[in-house]
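Per-entry structural report
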Amino acid sequence: KETGQIEQRLIEAGSDKTRILRTQIYLKDIADIVAMNEVWDAWVVPGSAPPRATVEAALADPTYRIEIVVTARKNREQFQNKKGHRVMPFFSIASA
């Protein structure tokens, strides 16, 4: 579920999972890391997994088991806004 949300947000921002620069994953219970690794490894592009930190943390909503923050690069054509001003070529999204 979380990877689908991330993928959708990347698309909406004009990027995709091949452009992920780094990921921070917060788990409610670090014992879930084995299951999370299986899902993560199946989702990332083989041979192109971005740097990742995974930690146990108290999450903002007690019903959440995981929160993920992704920093990704935008497509080149999106480095300028509609007025022609340069914009940051990367962005961060969060998913819970």
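Residues numbered from 1 in each chain as written. Predicted model: local features only at pLDDT ≥ 70, side-chain atom pairs only at ≥ 80, totals over all residues. Heavy atoms only, no water.

1. What to know about the environment of G4
Selection rule: The way it works is that DSSP assigns letters per residue, a run of H or I at least four long becomes a helix, a run of E at least two long becomes a strand, and they are numbered from the N terminus. Partly exposed describes any residue whose relative accessible area lies between the buried limit of under 20% and the exposed limit of over 50%, with all areas from a 1.4 Å probe on protein chains only and scaled to the type maximum.
Note that G4 resides in helix α1 (residues 2-12). The class for G4 is partly exposed, based on a relative accessible area of 40%.

2. Side note on the pairing of strand β3 (residues 66-73)
Note the following rule: Only when DSSP finds a minimum of two bridges between them are two strands counted as paired.
Within β3, six of the eight residues are buried, which leaves it mostly tucked inside the rest of the structure. Bridge analysis of strand β1 (residues 20-27) against β3 gives seven bridges, and the strand direction is antiparallel. Residue pairing in the sheet places I25 in a bridge with I68 of β3.

3. Some points on the confidence of the model for the chain
Heads up, the condition is: Here pLDDT means the predictor's own confidence in every residue, given as a number from 0 to 100.
Confidence in the prediction of the chain, expressed as mean pLDDT, is 81, and 76% of residues score 70 or more. Mean pLDDT in the chain bottoms out at strand β4 (residues 90-95), which sits at 54, and peaks at strand β2 (residues 52-56), which reaches 96.

4. Considering helix α2 (residues 33-43)
Here is the rule: Think of the arc as the fan of directions from the helix axis to the C-beta atoms.
All buried positions along α2 are accounted for by M36, W40 and W43. Mapping the buried residues of α2 onto a view down its axis gives an arc of 65°, with all of them on the same face. Opposite the buried face of α2, at more than 90 degrees from it, the exposed residues are V34, E38, D41 and A42.

5. With respect to the pattern of salt bridges
Cut-off, in case you're wondering: The rule for a salt bridge is simple: a side-chain nitrogen of Lys or Arg has to be within 4 Å of a carboxyl oxygen of Asp or Glu.
Considering all chains together, one arrives at one salt bridge under this definition. Note that D32 and R65 form a salt bridge whose closest N and O atoms lie 2.3 Å from each other. A residue pair is termed long-range when its members are at least 10 positions apart, and D32 in the loop between β1 and α2 and R65 in the loop between β2 and β3 qualify at 33 residues. For D32, a relative accessible area of 22% gives the class partly exposed. On the accessibility criterion, R65 (44% relative accessible area) is partly exposed.

6. A closer look at the pairing of β2
Regular strands place their side chains on alternate faces of the sheet. Heads up, the rule is: Handedness of a crossover is defined as follows: orient the strands so they point away from the viewer, and if the path from the first strand over the helix to the second runs clockwise, the crossover is right-handed.
Pairing geometry for β1 and β2, over five bridges, is parallel. Looking at the pairing, Q24 lines up with A53 of β2. What joins β1 to β2 is α2, and the crossover it makes is right-handed.

7. A short note on the packing of aromatic side chains
Aromatic ring pairs are described here by two measures, namely the spacing of the ring centres and the angle between the planes. Threshold: Note on aromatic pairs: the rings of Phe, Tyr and Trp (six-membered ring only in Trp) are paired at centre separations within 6.5 Å, and the planes decide the class, stacked below 30 degrees, edge-to-face beyond 60, tilted for the rest.
Under the criterion given, the structure shown has one aromatic pair. Plain terms: the ring middles of W40 and W43 are 5.5 Å apart, the flat faces sit at 50° to each other, and that makes the pair tilted. Here W43 and W40 lie together in helix α2, a separation of three residues that amounts to about one turn. For the residue pair W40 and W43, the accessibility class agrees, reading buried in each case.

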